[in-house]
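Structural features, examined
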Amino acid sequence: MANLTVDLAELVRVMVEPLVDHKDDLQVTQSVDESGDVYIEISAHEEDAGKVIGRQGRVIKSLRILARAAGSRAGARHVDVELPE
């Protein structure tokens, strides 16, 4: 399961990186709780936050769908992708 979480965080980073202008400020971190749920947090420059969210939240929704599909396929119980303010 440890390799899975690194791969999911990397998957999200690879999808988000082309969207942002400030690539040096982009950070994607992951954590796994005791029940096996995977949490991925995207931290981006404030000017890039809108690009990661997208119009009506379409980009972040798509990131969540792809991360959940990849996690489900690899056996993760639940995957959540967040962009905290």
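Residues numbered from 1 in each chain as written. Predicted model: local features only at pLDDT ≥ 70, side-chain atom pairs only at ≥ 80, totals over all residues. Heavy atoms only, no water.

1. Re the sheet that holds strand E3 (residues 79-82)
The following threshold applies: Being paired, for any two strands, means DSSP has found at least two bridges between them. Note on conventions: DSSP H or I runs of at least 4 residues are helices, E runs of at least 2 residues are strands, and numbering of each starts at the N terminus. Where helices are involved, their axes are fitted lines through C-alpha atoms of the stretch in contact, as for all axes, and angles between N-to-C directions lie from 0 to 180°. Note on definitions: a residue-residue contact is assigned when non-hydrogen atoms from the two residues lie within 4.5 Å.
Spatial strand order, E1-E2-E3: 3 strands in an open sheet with mixed pairing. At either end of the open sheet lies a strand with only one pairing partner, and these are strand E1 (27-32) and E3. Strand-to-strand twist across the sheet, computed as the mean angle between neighbouring axes with direction ignored, equals 15°. Examined bridge by bridge, strand E2 (residues 38-43) and E3 share 4 bridges and lie parallel to one another. Its bridge partner lying in E3, valine 38 is registered against valine 79. Contacting E2 and E3, helix H3 (residues 58-74) crosses the sheet at an angle of about 155° to E3.

2. Things to note about the pattern of salt bridges
In plain terms, the rule: Criterion for a salt bridge: a side-chain nitrogen of Lys or Arg within 4 Å of a carboxyl oxygen of Asp or Glu. Only protein chains enter the calculation, and the probe is 1.4 Å; a residue is then buried if its accessible area is under 20% of its type maximum, exposed if over 50%, and partly exposed in between.
Under the defined criterion, the tally for this structure stands at 7 salt bridges. A salt bridge links glutamate 10 to arginine 13, with the shortest nitrogen-to-oxygen separation between them at 2.5 Å. Pair noted here: glutamate 10 and arginine 13 are both in helix H1 (residues 2-16), with a separation of 3 residues, about one helical turn. For arginine 13, a relative accessible area of 28% corresponds to the partly exposed category. A salt bridge links lysine 51 to aspartate 48; the shortest N-O distance between them is 3.9 Å.

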